[in-house]
Amino acid sequence: MNKENILEVKDLHVDIHMTEGLLTAVRGVNFEMKRGETLGLVGESGCGKSLTCKAILGINDRKCVPSGQILFDSEGLGKVDLLSLDQKGKEIRSIRGKEISMIFQEPMVAFSPMYTIGNQINEATKLHITKDKQKSKEISMDVMRKVGIANVEKRYNQYPHEFSGGMLQRALIAMALVCNPKMLIADEPTTALDVTIQAQILELINEIKEKRHLSVIFITHNLGVVANMADRIAVMYAGKIVEYGKSEEIFYEPAHPYTWALLSSMPDLETSERLESIPGTPPNMIYPPKGDAFAPRNVYALDIDFELEPPLFEITPTHSAATWLLHPNAPKVEMPKVIKARIERMRKERG
């Protein structure tokens, strides 16, 4: 394991046993995380983003069977393969919530309506930090203040239904940060929020990351959300990473037609052109298609795409993409003009 890496995911598969058959929802995912960096995990709903990250914490449904390696540099256990641990044992529970924590997708359902917000944040504090009730409460309230929750003394004793969506999201972030983890997984944390609150939450996560030198995995279906957050981006489709690189490489030099499609579907205030949609629907992975899973939706697909799945072709030492268009013998295909124009505008905006 590289000394700079806090996490290495190697050949991760997640199989789900369905009544219709075996569904391989995650198919050979590989990536690494460095200390203090943000990785954007991007793709359409159902591509395997959340299953990949829940496999790190060992919190997928019992029907999900992971395989491969997830190497984590733990303070208590050293370098350990998380998949080799008993998923209900003390070792994984000493990491889950304390060293790696997660902000879940829907704050409205992430909290139990039966208990106060303070009580639920306090659970992790008492489990991992102190059994002293007063100290535990003080730590929890301090974190609530740091994430921007006003009038904490009152809010601490309120129930989830008494919080707005934005405040609930802040409380969920407080719950994830209360044990001062080394790594934070944010699973679509702004999906249910309006644009103004969304911007505040993204700014808050960025601030906390910088102050605490956190490593962050940010899961989203919207490339625009991670534009100013991610150091590197992994684009997922049908359970595989189809493009991987530094943020500027993905935004300024995208190589996979699926990444082109995601960029073309991003809102752009500088043009009156209608938003593009990606034709077709994602494949049913119980009956995976032959060749490249994206081929039926890819207007640039070659004959070989319908026969053989492409490997990851290296573009630079930090940038790779799984498309036959990068093969030396492939015909030259120009990036769509719409995407080129959008890239130029992004370059100007970022200076």
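Residues numbered from 1 in each chain as written. Predicted model: local features only at pLDDT ≥ 70, side-chain atom pairs only at ≥ 80, totals over all residues. Heavy atoms only, no water.

Asker: Would you mind going over unusual backbone geometry with me for this structure?
Answerer: A negative phi angle characterises most non-glycine residues, just as the trans form characterises most peptide bonds. Non-glycine residue histidine 213 carries a positive phi angle of around 55°. Residue placement: histidine 213 occurs in the loop between helix H8 (195–212) and strand E8 (215–220). Judged by its relative accessible area of 54%, histidine 213 is exposed. One non-glycine residue with positive phi stands out, namely alanine 238, at about 50°. Assignment of secondary structure puts alanine 238 in the loop between strand E9 (232–237) and strand E10 (240–246). Residue classification places alanine 238 among the buried positions, given a relative accessible area of 9%. (Helix = DSSP H or I, 4+ residues; strand = E, 2+ residues; numbered from the N terminus. Buried < 20%, exposed > 50% of the residue type's maximum accessible area, 1.4 Å probe, protein only.)

Asker: I tried to follow the packing of helix H4 (residues 117–128) against helix H5 (residues 133–146) on my own but got confused; where do I start?
Answerer: At their nearest, the axes of H4 and H5 sit 9 Å apart, and the two run at 115° to each other. Between H4 and H5, the interaxial angle falls into the category roughly perpendicular. The element H4 and its partner H5 pack so that their crossing is right-handed. Residues Ile117, Ile121, Asn122, Thr125 and Lys126 of H4 form the contact with H5, whose participating residues are Ser136, Lys137, Ile139, Ser140 and Met144. The class makeup of the residues in the contact of H4 with H5 is four nonpolar, four polar and two charged. (Axes fitted to C-alpha atoms, helices over the stretch in contact; angles between N-to-C directions. Parallel < 35°, antiparallel > 145°, perpendicular 65-115°, else oblique. Left-handed = near helix turned anticlockwise from the far one by under 90°. Contact = heavy atoms within 4.5 Å. Nonpolar A, V, L, I, M, F, W, Y, C, P; charged D, E, K, R; others polar.)

Asker: Sorry, what's going on with the sheet that holds strand E6 (residues 100–103) here?
Answerer: Pairing within the open sheet is mixed, and its eight strands lie in the order E6-E7-E8-E3-E9-E10-E12-E11. Edge positions in the sheet fall to E6 and strand E11 (313–316), since each has one partner strand and no second. Direction aside, neighbouring strands of the sheet carry axes that sit 20° apart on average. Where E10 meets strand E12 (residues 319–321), two bridges bridge the pair, whose relative direction is antiparallel. (Pairing = 2+ DSSP bridges.)

Asker: Even after reading the chapter, I still don't get the nonpolar core, so can you show me in this structure?
Answerer: Where a protein is soluble and globular, its nonpolar side chains tend to be buried together. Residues Leu7, Phe31, Leu82, Ile217 and Leu223 are the most contacted members of the largest nonpolar core, which totals 106 residues. At eight residues, helix H7 (residues 165–177) tops the list of elements feeding residues into this core. (Core = buried A, V, L, I, M, F, W, Y, C linked by side-chain atoms within 4.5 Å.)

Asker: What is the right way to look at the environment of alanine 150 in this model?
Answerer: With respect to the helices and strands, alanine 150 occurs in the loop between H5 and helix H6 (152–155). In this structure the C-alpha to C-alpha distance between alanine 150 and methionine 167, which are 17 residues apart in sequence, comes to 9.4 Å.

Asker: Would you mind going over the pairing of strand E4 (residues 64–74) with me for this structure?
Answerer: Two faces make up the sheet, and in a regular strand the side chains alternate between them. In this structure, strand E1 (residues 5–17) lies alongside E4, joined through eight bridges in antiparallel fashion. Paired with isoleucine 16 across the two strands is cysteine 64, which belongs to E4. Alignment of E4 against strand E5 (residues 78–81), held across four bridges, turns out to be antiparallel. Looking across to E5, one finds that phenylalanine 72 is bridged to valine 80. Counting the residues in the hairpin turn of E4 and E5 gives three residues.

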